[in-house]
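# Descriptive analysis of the structure
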Amino acid sequence: MTIVAGSSPGATEWFQRARMLREEQLGRLAQLGALVNGISRLVHMLQCERGASNVWLCSQGKLYGPECKASRALVDENLAALHLLFSEPLPGSALCERIANALHGLETLTVLRDGVTGQRVTAPQAMEHYSRILRLLLNIVPQLSDSIDDPHIAGRFVALYSLMQGKELVGQERALGAIGFTQGFFDDETRQRLVDRIDGQQACFEVFISHCTPDVQETFTLNCQPGLETEKLRREACTRQPPADNGDTALKWFALQTARLEHLRTLEEVAIADLMTAVEERRYSENLHVDDEYGDILARFPDRPLLPLVRQQAREIEQLSRQLASLRDTLEERKTIDKAKSVLMTHQNMSEEQAWTALRKMAMDKNQRMVDIARALLTVKNLWKIPPGE
């Protein structure tokens, strides 16, 4: 918009400016939708590699060797595709920083794979490493929502991100169960972590369902909820020790959870396609109503008063903003806990598993959330001394 000295833009110029900004925003959303799709594909393949690696390690290299090789090849293929998407200019320094963190995590994948192949890492250590890489990748997704101000598109984005988060928790549940069933033993710590993953995924899926159409809700209920066999194995893992059966129960658990993850992946693809369709429909609608902008703006809503419409849209955006803020808060809490674990690992000579156990024990002893303990540790890290292994 050009402003001449001594004059101000008229209504037509402001409509033109608004339309141009909307076109730019929707164009960015189309680009970011492709990026979400690329991230979700890579995340799924990494989840497959994590699961296969856990079974391989817990069976001392007797099971899932071919699956490990196949999943690694698929990860590499999808990582190369994602690098091409990252080569396009992307808006915002915060988004670029999260991409940098994710790429830094992915650079450690070769070392992790070498450790898995040589059985120089334990299954819990490998799981934590894979999960950290996945967390960094998923951290990119909520940052993509900053440019969304359309409530219908924002609702689809919240649904998609909640589904992706819930699916990752299902993947972690699969990995934890595979470790316990293959070893024939679940300690109290592993059981509590299983319960945490089950509770966490349920909360994510409730948000997803709240933004879905009835047909998607029905598909989720029929295909993506844990079945009776999975629930039976969950109870076994959380209440008593599994039988020694040469890994048969572990393979059964792994197959059941893998089938569930594949259904969730299919639903994830539907959610991404739905998001992209909504963006394209909005772009088409903007072009279709270009004449309305320069005539009667109320022509778009002939049967609805403008003030209630604006109020409704404001309420929808506020609700979605709260949900996105809650999801971001969860990610920030995880980052704080990871930083505290890093302090313990560096200054107290702990392994990652020992650091996580120490933080959880302190939280339970003080009846506080783990993130609050982590923040306290980061505040006084130069003064606080904790013996390793506590």
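Look above for the structure.
The structure displayed is predicted, hence computed values, not measured ones.

Moving on: the overall build of the chain. Each helix and strand in the chain was counted, giving 15 helices and 0 strands. For the chain, the proportion of contacts with a sequence separation of at least 24, taken over those separated by at least 6, is 77%. Surface accessibility of the chain: about 19,800 Å² in total, with carbon and sulfur atoms responsible for 54%.

One recurring pattern in soluble globular proteins is that nonpolar side chains are buried together. Of all hydrophobic cores here, the largest spans 68 residues; its most connected members are L46, L137 and I140. Contact partners of L137, with chain neighbours within four places excluded, come to I39, L42, V43, L46, L82, A102 and L106. L344, A358, M362 and V371 belong to the second largest nonpolar core, which has 15 residues in total.

Looking now at the environment of V371. Its location among the elements puts V371 in helix α15 (residues 370-379). Here the alpha-carbon distance between V371 and A340, two residues 31 residues apart in the chain, equals 9.0 Å. Discounting residues that sit within four places of it in the chain, V371 has contacts with E333, T336 and I337.

Below, the discussion takes up the environment of A70. Position of A70 relative to the elements: it lies in helix α2 (residues 65-86). For A70, a relative accessible area of 42% gives the class partly exposed. Counting along the chain gives 25 residues from A70 to M45, while the straight-line C-alpha distance between them is 9.9 Å.

In the structure shown here, the tally under the stated rule is 5 aromatic pairs. Ring centres of Y64 and F254 lie 5.0 Å apart, and the angle between their planes is 80°; on these two criteria the pair is classed as edge-to-face. Here Y64 is found in the loop between α1 (11-58) and α2, whereas its partner F254 is found in helix α11 (residues 248-288), with 190 residues between them in sequence. Note on F254: relative accessible area 5%, which makes it buried. Cluster of aromatic residues (ring-pair linked, three or more members): F181, F186 and W253.

Quick look at the environment of R98 now. With respect to the secondary-structure elements, R98 resides in helix α3 (residues 93-106). Take R98: its relative accessible area is 14%, and that puts it in the buried class. When the C-alpha positions of R98 and L137 are compared, they lie 8.0 Å apart, and in sequence the two are 39 residues distant. Among the polar contacts listed, one links the side chain of R98 to the backbone oxygen of N139, at a separation of 2.7 Å.

With that settled, consider α15. Those residues of α15 not exposed but buried are M370, V371, I373, A374 and L377. Along the axis of α15, the buried residues cluster in a sector spanning 155°; they form a single face.

As a further point, take the side chain of T182. Within the secondary structure, T182 is located in helix α7 (residues 151-183). Exposure remark for T182: the relative accessible area of 17% places this residue in the buried category. In this structure the side chain of T182 is engaged in a polar contact, spanning 2.6 Å, whose partner is the backbone oxygen of A178. The residues contacting T182, other than those within four sequence positions of it, are C58, S59 and A250.

Another aspect to go through is the pattern of salt bridges. Counted according to the given criterion, the structure contains 19 salt bridges. Between R193 and E128 there is a salt bridge, with the nearest N and O atoms lying 2.0 Å from each other. Placement of R193 in helix α8 (residues 188-210) and of E128 in helix α5 (residues 123-138) is noted, with a sequence separation of 65 residues between them.

So, how was this worked out
- Residues numbered from 1 in each chain as written.
- Predicted model: local features only at pLDDT ≥ 70, side-chain atom pairs only at ≥ 80, totals over all residues.
- Heavy atoms only, no water.
- Helix = DSSP H or I, 4+ residues; strand = E, 2+ residues; numbered from the N terminus.
- Contact = heavy atoms within 4.5 Å.
- Areas by Shrake-Rupley, 256 points an atom, 1.4 Å probe, with all protein chains shown as cover.
- Core = buried A, V, L, I, M, F, W, Y, C linked by side-chain atoms within 4.5 Å.
- Buried < 20%, exposed > 50% of the residue type's maximum accessible area, 1.4 Å probe, protein only.
- Phe/Tyr/Trp six-rings, centres within 6.5 Å; stacked < 30°, edge-to-face > 60°.
- Polar contact = N/O pair within 3.5 Å; in protein donor to acceptor, adjacent residues only side chain to side chain.
- Arc of directions from axis to C-beta.
- Salt bridge = Lys/Arg side-chain N within 4 Å of Asp/Glu carboxyl O.

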